[in-house]
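A look at the structure
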Amino acid sequence: MLEKLKPMLAYLEKKTGYRIKPYLVGDYTAVIEALINKKVDVALLGPFSYVSAHARDSKIVPFAVGVKSDTHKSTYHSIIVVNNKLYNQGVKDLASLKINASKITFAFVDPKSTSGYLIPMAALLEAGINPNKDFKKVVFSGGHDAVEFAIKNNQVDAGADVDVTFDRLEREGKISSNENRIIWQSKPLPGSPWVYRDDLPTDIKRKIKEAFYTMPSKYALSYGKAAKFIPATDKDYIEIEKAAKRLNVL
């Protein structure tokens, strides 16, 4: 991740005139804590992790979101994937997933993940599946890639992920849609925001935003390759906030 970010960080340093120190962590909660405790000034969050962070500290606000180079959209989708064995047994939608739930081990990404927990959890509950009661076992993989590899290697039967990761891993030849089978896809979700602390000096915020909005595509990274960055505001994530409140996780 750090290697991929180096060109982008070098561009931001040149554009803003500031030295930028990367800060890598293991999960969304650690990013949120770092922002709240002012250990970092700028961060990339998922929509749900942003909403969670903003609920705890209103000074954490979004300023940019990536427009994907392949779709030319800032939105993405949550997906539910099953292994080939389960698919060949007839589990091809949420209705058949429900019928076989007691035999299924299911992987989510992270409790603060939008596509890897919040949205698929809501969809499963709407389909009459209570993951914590109905599935044989529920685990958190800690990462999107890890969900797909666990499904591929039959460590779990099914899991929640994001289409961006699925498509990237398939392009790289690390998974195949003939092995990892998508059985459900969400409506378009607002893109993952870059956020900063709103109590940063005004001039610093201006330079950061200007650097992102004028960034050449060869440097632009979000969750996946971005063609460009466009402004993001808190209003873009109202539906995510509503979903979190419906599940009592906010």
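Before going into details, it helps to say that this report is about the structure given with it. Because the structure is a prediction, the values reported are computed rather than measured.

Looking only at helices and strands, the chain features 11 helices and 10 strands. Computed over its C-alpha atoms, the radius of gyration of the chain comes to 19 Å, within 12% of the 18 Å expected for a compact globule of 250 residues. Projected onto its principal axes, the C-alpha coordinates of the chain cover approximately 60 × 40 × 25 Å. When burial is assessed residue by residue, the chain has 47% of its 250 residues classed as buried. Carbon together with sulfur atoms contributes 50% to the accessible area of the chain, which is approximately 12600 Å² in total. In the chain, 38 positive and 28 negative side-chain charges are present, and the distance between their average locations comes to 2 Å.

A few words on the packing of aromatic side chains. The way to describe two aromatic rings as a pair is by their centre distance and the angle between their planes. Tallying each qualifying case throughout the model produces 11 aromatic pairs. Geometrically, the ring pair formed by Phe 63 and Tyr 196 is stacked, given 4.6 Å between the ring centres and 15 degrees between the ring planes. One end of the pair, Phe 63, is in strand β2 (residues 60-68); the other, Tyr 196, is in strand β8 (residues 193-197), and 133 residues separate them in sequence. With a relative accessible area of 2%, Phe 63 lands in the buried category. The exposure class of Tyr 196 is buried, given its relative accessible area of 5%. Taken together, a centroid distance of 5.2 Å and an interplanar angle of 55 degrees make the contact between Trp 194 and Phe 212 tilted. Here Phe 212 lies in helix α10 (residues 202-213) and Trp 194 lies in strand β8, a separation of 18 residues in the sequence. Three or more aromatic residues link up through ring pairs in this structure, and these residues are Phe 63, Trp 194, Tyr 196, Phe 212 and Phe 229.

Spatially, the 5 strands line up as an open sheet ordered β5-β4-β6-β3-β7, and their pairing is mixed. On the outer flanks of this sheet lie β5 (137-140) and β7 (180-185), each paired with one strand and no other. Adjacent strand axes in the sheet meet at a mean angle of 30 degrees, parallel and antiparallel pairs treated alike. Looking at chain direction, strand β4 (residues 105-108) and strand β6 (residues 158-162) are connected through 2 bridges and run parallel. Across the sheet, Phe 106 pairs through a bridge with Ala 158, a residue of β6. Running at roughly 130 degrees to β4, helix α6 (residues 114-126) makes contact with β3 (78-83), β4, β5, β6 and β7 of the sheet. In this fold helix α9 (residues 163-171) packs onto β3, β6 and β7, with an angle of close to 95 degrees to the strand it touches most, β6.

The rules behind the values
- Residues numbered from 1 in each chain as written.
- Predicted model: local features only at pLDDT ≥ 70, side-chain atom pairs only at ≥ 80, totals over all residues.
- Heavy atoms only, no water.
- Helix = DSSP H or I, 4+ residues; strand = E, 2+ residues; numbered from the N terminus.
- Rg over C-alpha atoms; globule rule 2.2 N^0.38 Å.
- Buried < 20%, exposed > 50% of the residue type's maximum accessible area, 1.4 Å probe, protein only.
- Areas by Shrake-Rupley, 256 points an atom, 1.4 Å probe, with all protein chains shown as cover.
- Lys, Arg positive; Asp, Glu negative; His and termini not counted.
- Charge placed at Lys NZ, Arg CZ, Asp CG, Glu CD.
- Phe/Tyr/Trp six-rings, centres within 6.5 Å; stacked < 30°, edge-to-face > 60°.
- Pairing = 2+ DSSP bridges.
- Axes fitted to C-alpha atoms, helices over the stretch in contact; angles between N-to-C directions.
- Contact = heavy atoms within 4.5 Å.

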